[in-house]
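The lines below spell out each chain.
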Amino acid sequence: MKIKFWGVRGSIASPGPATVKYGGNTTCIEVRSDAGELIILDAGTGIFPLSQSLFSEFPLTSNIFNTHTHWDHIQGLPFFIPFFVPGNTVKIHGAADPVSQKGISEILTTQLQYRFFPIREAELKADIEYFSLKEEEKIIIGDAVVTPVMMNHPVINFGYRVECNGKSVFFTGDHEPLRNIYTVDEPEEYAEYQAIMAEKNKSIMDVINGVDVLIADTSYTPDEYMQKIGWGHGTFDTSIQMAKEAKAKTLYCTHHEPTRSDNALEAVFAEALARNPRHDGDPEYFLAQEGLEIEL
Ligand SMILES: [Zn+2]
Ligand SMILES: [Zn+2]
């Protein structure tokens, strides 16, 4: 299995000299199974350069798995070049939205409204198929298996485990570790919520367990997080903790803050490693970087 980062930025694309090393595109990860099946995790702006690398494989079947429909995870989708070439197949997988009652099949209809984009969905040349996913229902893509699990974010967000021939990667999408909304001053409610959290955490950790590569939402430092509780994102420390608990072999921190320069990103990462020194058997920790490839 091969993994390549095409976008590692959260919230909004942030190109420029200060972000040239880690990259300014928003979330997009290419996963290739051993047999060459193409699985794309999220369609942030990074999917545009990814799609430019695919011409030689046309006609091509692509499987896009959307963690959730916030802009930074879908903004590049209308520019996914395989849509415009006959013979290609694009399969789009994701959660239905319980608020609007709309399935993942509405995603392009919504994005390609004529006043926002000059090409209508009906004018796309590829065959497009939609799959609204259910939690923990496995999807088989050739020699790979994808398992979605619900994470914690203001909208439904699926984390995905991709497995192929005994190797595995898990991507959280956007995720904030669960917090008890009650205080110990309300002991009954507090205890009840603790139990709900324990059950939810177990269902997440069961899917992440033992993964070779964990790619996790690591937007904030612990200090920044105090101003952003409930925004739906994790910290360096919570991602490191998750990687340790899951017995992941490696952790790649991603969803970098758009305002964070390369130097600032390396500085806060170094501080996080100093707070969380590695011991024998702990995962190895890295910053996700645009263009970085991992071979498993
Ligand atoms: Zn995001
Ligand atoms: Zn989000």
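Here the structure is shown first, and the text comes after it.
What you are looking at is a predicted structure, and each value in this text was computed from that prediction instead of being measured. The numbering scheme is per chain: residues are counted from 1 as the chain's sequence reads. Chain letters and ligand numbers both follow the written order, the letters beginning at A and the numbers at 1. Residues qualify for local features only when their pLDDT is at least 70, as the model is predicted, and side-chain atom pairs are given and counted only at 80 or more; totals for whole chains, interfaces and linings, by contrast, use all residues. Hydrogen atoms and water are omitted, and side-chain values are computed over all heavy atoms in the structure.

Novice: Tell me about the coordination of the zinc ion (ligand 1), and name the residues and values.
Specialist: Ideal donor angles around a metal are set by the shape: a four-donor tetrahedron calls for 109.5 degrees, a six-donor octahedron for 90 or 180 degrees. Here the zinc ion (ligand 1) is held by D72 (OD), H73 (NE2), D174 (OD) and H255 (NE2), and the distances to it run 2.1 to 2.2 Å. Water is absent from the atoms considered, so a metal site may look incomplete; donors are defined as N, O and S atoms within 2.8 Å of the metal, or 3.2 Å for Na, K and Ca. All geometry calls rest on donor angles, where a four-donor set with angles between 85 and 135 degrees is tetrahedral, four- and six-donor sets with opposite donors more than 155 degrees apart and all others between 65 and 115 are square planar and octahedral, and all else is irregular. Angles of 90 to 166° at the metal separate the four donor atoms of the zinc ion (ligand 1), which places the site in the irregular class. Donor residues binding the zinc ion (ligand 1) come from one chain and are separated in sequence as D-H-x100-D-x80-H.

Novice: Go over empty space enclosed by the protein with me, naming the residues and quoting the values.
Specialist: A 1.4 Å probe that fits but cannot get out identifies a cavity on a 1 Å grid over protein atoms alone, an open set with protein on both sides within 12 Å along at least five of seven lines counts as a pocket, and a residue lines either if it has an atom within 4 Å of a point. Grid points are joined across faces, edges and corners, and a volume is the space filled by probe spheres set on the points. For the structure shown, the criterion picks out one cavity of 30 Å³ or more. Within this model, the largest cavity holds a volume of roughly 50 Å³. Those elements that provide at least two residues to the lining of the largest cavity are β11 (213–217) and α5 (236–245). Looking at the lining of the largest cavity, its residues break down into three nonpolar, five polar and one charged. Counting from the N terminus, the helices are DSSP H or I runs at least four residues long and the strands are E runs at least two residues long. For this scheme, ten residues count as nonpolar: Ala, Val, Leu, Ile, Met, Phe, Trp, Tyr, Cys and Pro. Four count as charged, namely Asp, Glu, Lys and Arg, and the remainder, Gly too, count as polar.

Novice: Pulling in residues and values, what's your account of the environment of V268?
Specialist: Of note, V268 is situated in helix α6 (residues 262–275). In this structure, the C-alpha to C-alpha distance between V268 and I3, residues 265 residues apart in sequence, is 25 Å. Setting aside its immediate chain neighbours within four residues, V268 contacts T221, F236 and R260. Contacts are assigned to residue pairs with any non-hydrogen atoms lying within 4.5 Å of each other.

Novice: Before we move on, can you summarise the pattern of salt bridges with the specific residues and values?
Specialist: Once their charged atoms are close, side chains differing in charge can pair, the charge on each being opposite to the other. Put simply, a salt bridge is a Lys or Arg side-chain nitrogen that is within 4 Å of an Asp or Glu carboxyl oxygen. Tallied over the full model, the rule gives ten salt bridges. D237 is the partner of R275 in a salt bridge, and the nearest nitrogen-oxygen pair spans 2.7 Å. Pair noted here: R275 is in helix α6 and D237 is in helix α5, with a separation of 38 residues, a long-range link. Three exposure classes are used, based on accessible area relative to the maximum for each residue type with a 1.4 Å probe and protein chains only: buried under 20%, partly exposed in between, and exposed over 50%. Residue classification places D237 among the buried residues on the basis of a relative accessible area of 18%. Each of E30, R32 and E57 takes part in salt bridges that share partners, so that together they form one network.

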